[in-house]
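Here is how the chains run, residue by residue.
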Amino acid sequence: MDMTLLDLTERLVPVSDFSQGRAGKIFNDVAENNHEYIVLKNNQPTAVLLSIKEYRETLEKASRLDRLLDKIENIQLLKLAESRVGGRADSFELFVKEEGVSMEELEELSESVEFE
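Values in this document were obtained by computation on a predicted structure and should not be read as measured data. (Residues numbered from 1 in each chain as written. Predicted model: local features only at pLDDT ≥ 70, side-chain atom pairs only at ≥ 80, totals over all residues. Heavy atoms only, no water.)

Student: For this particular structure, what's the right way to read the overall build of the protein chain?
Tutor: Counting its regular elements, the protein chain contains five helices and three strands. Ordered by position from N to C terminus, the α and β elements of the protein chain give α-β-α-β-β-α-α-α. In the protein chain, 31% of the contacts between residues at least 6 apart in sequence involve partners at least 24 apart. Accessible surface computed for the protein chain: about 9,900 Å², of which carbon and sulfur atoms make up 55%. (Helix = DSSP H or I, 4+ residues; strand = E, 2+ residues; numbered from the N terminus. Contact = heavy atoms within 4.5 Å. Areas by Shrake-Rupley, 256 points an atom, 1.4 Å probe, with all protein chains shown as cover.)

In structure tokens:
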């Protein structure tokens, strides 16, 4: 929602207005017109009042953004991993073979090690 400076100043509401009979009007405006209000306490922004619809849409957008950022991070990590193995993703078995150890030797070694 694009808001002009005039719109913004009209949406600044001192917390005292809620105890002076303006609460009903403000809540109706939020519910019916989807307007947002910034609640001031001691002339400082303290809270934002917005409709349930707007709140849910904001939560959904934030959730979608989180999923997108997770996907981007996974892609970056995959590219980093691929660059570290020369562009190929080898199996563990191939790695062990290149190191000159057999899978059987690893199994024997794992049976002789005890974790506490």
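Student: How should the environment of Asp-7 be read in this particular structure?
Tutor: With respect to the helices, strands and loops of the structure, Asp-7 is situated in helix α1 (residues 5-10). Spatially, the C-alpha atom of Asp-7 lies 9.9 Å from that of His-35, the residues being 28 residues apart in sequence.

Student: Would you mind showing me how to read the pairing of strand β2 (residues 37-41) here?
Tutor: Regular strands place their side chains on alternate faces of the sheet. Where strand β1 (residues 12-14) lies against β2, three bridges are found, and the strand directions are parallel. Each residue of the ladder has a partner; that of Leu-12, found in β2, is Ile-38. As a crossover connection, the stretch from β1 through helix α2 (residues 23-33) into β2 is right-handed. The antiparallel hairpin formed by β2 and strand β3 (residues 44-49) contains two residues in its connecting segment, where Asn-42 sits at a positive phi of about 55°. (Pairing = 2+ DSSP bridges. Right-handed = clockwise from strand over helix to strand, strands pointing away.)

Student: Looking at this structure, how should I read the nonpolar core?
Tutor: Inside soluble globular proteins, nonpolar side chains tend to come together where they are buried. Formed by Val-13, Ile-26, Val-30, Tyr-37 and Leu-49, the largest nonpolar core amounts to five residues. If we ignore the near neighbours within four places in the chain, the residues touching Ile-26 are Val-13, Phe-18, Tyr-37 and Leu-49. (Core = buried A, V, L, I, M, F, W, Y, C linked by side-chain atoms within 4.5 Å. Buried < 20%, exposed > 50% of the residue type's maximum accessible area, 1.4 Å probe, protein only.)

Student: Teacher, can you tell me more about the packing of aromatic side chains here?
Tutor: For any pair of aromatic rings, the description consists of the separation of the ring centres together with the inter-plane angle of the planes. Following the criterion strictly, the structure yields one aromatic pair and no others. When the ring of Phe-18 is compared with that of Phe-27, the centres are 5.9 Å apart and the planes differ by 50°; the resulting orientation is tilted. By relative accessible area, Phe-18 is classed as partly exposed at 24%. Residue classification places Phe-27 among the partly exposed positions, given a relative accessible area of 43%. Here Arg-11 stacks its cationic end above the ring of Tyr-37, 5.4 Å away from the centre of that ring. (Phe/Tyr/Trp six-rings, centres within 6.5 Å; stacked < 30°, edge-to-face > 60°. Lys NZ or Arg CZ within 6 Å of the ring centre and 35° of its normal.)

Student: Looking at this model, I keep getting lost on the pattern of salt bridges. Mind explaining?
Tutor: Applying the stated rule across the entire model yields three salt bridges. In this structure, Asp-17 and Arg-22 form a salt bridge, with 2.7 Å as the shortest nitrogen-oxygen distance. On the basis of relative accessible area, Asp-17 is assigned to the buried category, the value being 12%. A relative accessible area of 31% means that Arg-22 is categorised as partly exposed. (Salt bridge = Lys/Arg side-chain N within 4 Å of Asp/Glu carboxyl O.)

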